[in-house]
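Commentary on secondary and tertiary structure
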Amino acid sequence: MDCLFCKIASGEIDSAKIYEDNDVVAFLDAFPFSKGHSLVIPKKHFTDIHEIDSEVLKKVAVTFKNVATRIKDVLGADGIRISQSNGTVAGQVVFHIHFHAIPRYENDGLHFDEIGNKRSPKADESELKQLAEKLKFN
Ligand code: ZN
């Protein structure tokens, strides 16, 4: 399979790894939005959040927490943005599931013009309740 992140996970393509175990690898993004911008991926290939094995996802999530804490401790980030996209329309470019840890620093000048900084009008409460009923799954 011609997958960039599989090649990074296997070491076929070199990367600036900051963490690795049997299932998960974390490395610095080659096109960072900010200092310390990292990616956390499962070593096994899964396309997106719909496909990933739940047990693997748990391992990725724990690693993600540790990476975020490490970035904060070592680089003194003031905050960390977590970003993960599924599907082209959502902005996914590499189709091997990955989680971005984007350190934010006071006055770093970064602008995320998407959901993160958007201020929406307050939703209608009854519509929210109806939608929640439709989406409930436990
Ligand atoms: Zn892959």
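An account of the accompanying structure is given in this report. (Residues numbered from 1 in each chain as written. Predicted model: local features only at pLDDT ≥ 70, side-chain atom pairs only at ≥ 80, totals over all residues. Heavy atoms only, no water.)

1. Details of the coordination of the zinc ion
Summarising the metal site, the zinc ion is bound by the protein donors Cys3 (SG), Cys6 (SG), His45 (ND1) and His96 (ND1), whose distances to it range over 2.0 to 2.3 Å. One can describe the donor arrangement at the zinc ion as tetrahedral, given that its four donor atoms subtend angles of 106 to 116° at the metal. The sequence motif formed by the donor residues of the zinc ion is C-x2-C-x38-H-x50-H. Taken as a pair, Cys3 in the segment before helix H1 (4–10) and His45 in the loop between strand E3 (38–42) and helix H2 (54–75) lie far apart in primary sequence, 42 residues in all. (Donors = N, O, S within 2.8 Å, 3.2 Å for Na, K, Ca; no water. Tetrahedral: all angles 85-135°; square planar, octahedral: opposite > 155°, others 65-115°. Helix = DSSP H or I, 4+ residues; strand = E, 2+ residues; numbered from the N terminus.)

2. Focus on a nonpolar patch on the surface
A surface patch of nonpolar side chains, about 250 Å² in accessible area, is lined by Ile18, Tyr19 and Leu28. Within the secondary structure, Tyr19 sits in strand E1 (residues 17–20). Residue classification places Tyr19 among the partly exposed positions, given a relative accessible area of 36%. (Patch = residues over 30% accessible without salt bridge, like charges linked within 9 Å, V, L, I, M, F, W, Y side chains within 5 Å. Areas by Shrake-Rupley, 256 points an atom, 1.4 Å probe, with all protein chains shown as cover. Salt bridge = Lys/Arg side-chain N within 4 Å of Asp/Glu carboxyl O. Buried < 20%, exposed > 50% of the residue type's maximum accessible area, 1.4 Å probe, protein only.)

Purely geometric stuff here, so don't read any function into it on its own.
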